[in-house]
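This is what each chain is made of:
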Amino acid sequence: MGKADFLSPKAISNRIKAKGLQKLRWYCQMCQKQCRDENGFKCHCMSESHQRQLLLASENPTKFLDYFSDEFKSDFLELLRRRFGTKRVHNNIVYNEYISHREHVHMNSTKWETLTEFTKWLGREGLCKVDETPKGWYVQYVDRDPETIRRQEEQARKKKQDLDDEERSAKFIEEQVRRGRTEAEQEDPVYTELKRENEEEKVAFNLSAPVASSSKSSSVLGASALKASASSSSVKRKDTSSSSDSRAEKKKKSALEEIIEMEERKKKKETSVRTDYWLQPNIVVKIVTKKLGEKYHKKKAVVMEVQDRYAAVVKMVGTGDKLKLDQNHLETVIPAPGKRVLILNGPYRDTEAVLEGIDEKRFSATLTLDSGHRKGDRVDVAYEDFSKLA
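In short, a report on the structure. All values derive from a computational prediction rather than experimental measurement.

Bringing the pairing of strand β13 (residues 364-369) into the picture now. With five of six residues buried, β13 is to be regarded as a mostly interior element. Sheet topology note: the strand β12 (residues 352-359)/β13 ladder contains six bridges and is antiparallel. In the strand pairing of β13, Val 354 is matched with Thr 368. Linking β12 to β13, which pair antiparallel, is a turn of four residues; within it Phe 363 sits at a positive phi near 55°. Inspection of the sheet shows β13 paired to strand β14 (residues 378-382) by five bridges, in the antiparallel sense. Residue Thr 366 lies in a different strand from β14, and its bridge partner there is Asp 380.

Checked against the element boundaries, Leu 65 lands in helix α4 (residues 61-84). Look at Leu 65 and you get partly exposed, because its relative accessible area is 34%. Remark: the alpha-carbon pair of Leu 65 and Ser 109, spanning 44 residues in sequence, is separated by 6.7 Å. Those residues in contact with Leu 65, other than ones at most four positions away along the chain, are Ser 109, Thr 110 and Lys 111.

Let us now look at the sheet that holds β12. Taken in spatial order, the five strands line up as β14-β13-β12-β11-β15 in an open sheet, and their pairing is antiparallel. Of all strands in the sheet, those bounded by a partner on one side alone are β14 and β15 (386-388). Between one strand axis and the next, the sheet turns by 45° as a mean value, whatever way the strands run. Across three bridges, the pairing between strand β11 (residues 340-343) and β15 is antiparallel. Bridge pairing links Leu 342 to Ser 387 in β15.

Each value, and the rule that gives it
- Residues numbered from 1 in each chain as written.
- Predicted model: local features only at pLDDT ≥ 70, side-chain atom pairs only at ≥ 80, totals over all residues.
- Heavy atoms only, no water.
- Buried < 20%, exposed > 50% of the residue type's maximum accessible area, 1.4 Å probe, protein only.
- Helix = DSSP H or I, 4+ residues; strand = E, 2+ residues; numbered from the N terminus.
- Pairing = 2+ DSSP bridges.
- Contact = heavy atoms within 4.5 Å.
- Axes fitted to C-alpha atoms, helices over the stretch in contact; angles between N-to-C directions.

Shown next as structure tokens:
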């Protein structure tokens, strides 16, 4: 018999058959044969080949049922993982895409009678997260790949570290606000109004002061010339002793003033060494601006190049993206104790050091200098004056 003509009934039926999207009840899973109508399926069931397959299945029906069920489950989950990932999706959408494949395993050959029953089974086994809504059942694939679990743990660790940095900065801000409030309270005196609770009550002021008594003055006036001279000499001694005490006090005050002046000179020297720019190459910084979106906010980067002192070209840690940012959009990164850092500002600028410990109350860290003429010395440096080396 020759080939059917173009668009003839035979050619059209062959094309429909090739698609494999005909009625499910006319498909034989044991023989993997799709019939076009009820008569064809009836003829197939009466054929010798189909009878042989039924004899094989009757010997061990559980084996074939489990085999088809495992094939259906693995193909369904593989499609859900590759096509939708871990997104929440309607189960009918996944099933319709699954049965569009010609060689798929039909559900009537598995141990599940309906798609809803299969979806519930996936939820009980923990293979997917399932939930029922007025629109139907939704499934979400649970990825248990070791590489994916490791990546999720690493992301959780980075998120926790970022939260620790945020808490540290929040504590620093709270401490500064508390100090400012206490200083403001100490500087501003509180004045209260003088009120009298009872109108008949008298208001008394105690303005007592050490005054020479009249008896003492009379005794001095009535004393002899010798006693008068003695008293005058004692007064002179008291005057001289009081003048010497005042001189000693002046000396003490001058020494205190000298110490204060030395401290002020030291502070002026340190402030003269400090600059308003701190960016250096090969340090790790954190992006604090939200203008670039959540993709880069609170993410760490390495300074590759410094331009015009206040701008830097940074390379993102993990993604490798390169950005050009101002130093106002960046902040320093405090590593774990024992890691190497670079001092960015102050009298020890451009000096490499090792982080020994952190003083959270003073918002500073103890560093051991690892370069320069003061190598080996321990110094206290504020958080914002050093950063982790890349």
